[in-house]
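Architecture at a glance
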Amino acid sequence: MTPAQALAVDVPAEVRAPFIRPPGRALMLGHVHPDADVLGALLGLGLALDDRGWTVTWGGPHPAPEVLRFLPGVERYRRLERLTGPFDVVVTADCPNPGRMEGLLEQARALAVVVVNIDHHGDNRRYGDVNWIDTTAAATGEMVYGLLVALGSSITPAIATNLFTAIHTDTGSFRYSNVTPKTFHVAGALVAAGADPASVGGCLYERRGPESLRWLSETLGRVRVSEDGRLAWLTLATGAVPDAFIEAEELVNYPRSLASVRVACLLREQGGQVKVSLRAKGDVDVSRIAARFGGGGHPNAAGCTVAGPLGRATDEVLAAVRAALDGSPPGEVSSSGA
Ligand SMILES: [Mn+2]
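Everything numeric in this text was worked out from a predicted model, so none of it was measured.

Here's the deal with the domain arrangement of the chain
- Domains assigned within the chain are domain 1 (3-205) and domain 2 (213-327).
- Of the residues lining the interface, seven residues belong to domain 1; the matching set on domain 2 comes to eight residues.
- Here domain 1 and domain 2 share zero salt bridges between them.
- Inspection of the domain 1/domain 2 interface yields four residue pairs in polar contact (both at pLDDT 80 or more).

Put into structure tokens, the structure is as follows:
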């Protein structure tokens, strides 16, 4: 197999079609609290269109978080309330649930010729005019790379950095079970195109503020582990540590990192509600647990929002996780992830 063959990605013609036309107007629409896969995919694709002469708007219900302000072009991603169209194409990325765009999708639909929904979540609700859902992709950024290759777009260092960062974060730095040979081929091509792994890793993980280790110790002291060791959780009441710190850290990875743990939970109180992050190591499908509370995600990484107070939400979620653990066969813990 030559590298070129290995990199070939099967992109359906209907996904390519909206972009094969004279330069038009495009909206790259993100969802609430955009992460690196959302931003990297939208910036990577949008910058490629921009390079081809398109007029591109980027944004969503929330701005890009501080920790991702290093992404090339991120200064063009804005908080959006009222959209000004028309748009020849609207792209959503990594967003299974249209409700997470808080009304912006409905506005966009009225202003757009076509909505292209690009995602790797199996529970995607297929709300686009074109729906490209590939659950074998480690990240939406990996899919966008394939689309750009299929379109014959040149991958600039700025585009490569965005897509590489999307893949880097969604794979837990290439550690999770979603990593395939294709993931490494795409990551390799992106590095060849100008993404700098040391720089991206440094920006993501080595820019903590001076207070953050104190907050981290405050946080780690709250991790609880079930008697049988299979379940670990972390609860954070409003104001326990700063929001910016929580958003900059994948705190659920600390309870997850214990050898005996099969499901880890982070429960974070926010404005009367509790945001729940669930992680599994392969033998419990946490997306099904999240779905019971109106959320969703991947089998090994999912989330939902539950009504407060924190104590009751914690009891409800842990009960659901315990039931799922009891329903799954005991056995060895496989190493797998988001
Ligand atoms: Mn993703």
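After that view, the rundown keeps rolling.
Notes on the coordination of the manganese ion
- Protein coordination of the manganese ion is provided by Asp37 (OD), Asp94 (OD), His120 (NE2) and Asp170 (OD), with donor distances spanning 2.1 to 2.3 Å.
- Spacing between the donor residues of the manganese ion along their common chain follows D-x56-D-x25-H-x49-D. Residue Asp94 is located in the loop between strand S4 (89-93) and helix H4 (104-111), and its partner Asp170 is located in helix H6 (residues 157-170); the two are separated by 76 residues in the primary sequence. For the pair shown, Asp94 and Asp170 are each scored as buried.

Looking at the packing of helix H3 (residues 36-51) against H6
- The N-to-C vectors of H3 and H6 enclose an angle of 160°; their axes lie 8 Å apart at closest approach. Compared by their axis directions, H3 and H6 come out roughly antiparallel. Considering only the axes of H3 and H6, their crossing is left-handed. Seen from H3, the contacting residues are Ala36, Asp37, Leu39, Gly40, Ala41, Leu43, Gly44, Leu47, Ala48 and Asp51; seen from H6, they are Ala158, Ile159, Asn162, Leu163, Thr165, Ala166, Thr169 and Asp170.
- Each residue belonging to the contact of H3 with H6 can be placed in one class, and the counts come to 10 nonpolar, five polar and three charged.

Cut-offs and rules
- Residues numbered from 1 in each chain as written.
- Predicted model: local features only at pLDDT ≥ 70, side-chain atom pairs only at ≥ 80, totals over all residues.
- Heavy atoms only, no water.
- Domains from an automatic or database assignment.
- Contact = heavy atoms within 4.5 Å.
- Salt bridge = Lys/Arg side-chain N within 4 Å of Asp/Glu carboxyl O.
- Polar contact = N/O pair within 3.5 Å; in protein donor to acceptor, adjacent residues only side chain to side chain.
- Donors = N, O, S within 2.8 Å, 3.2 Å for Na, K, Ca; no water.
- Helix = DSSP H or I, 4+ residues; strand = E, 2+ residues; numbered from the N terminus.
- Buried < 20%, exposed > 50% of the residue type's maximum accessible area, 1.4 Å probe, protein only.
- Axes fitted to C-alpha atoms, helices over the stretch in contact; angles between N-to-C directions.
- Parallel < 35°, antiparallel > 145°, perpendicular 65-115°, else oblique.
- Left-handed = near helix turned anticlockwise from the far one by under 90°.
- Nonpolar A, V, L, I, M, F, W, Y, C, P; charged D, E, K, R; others polar.

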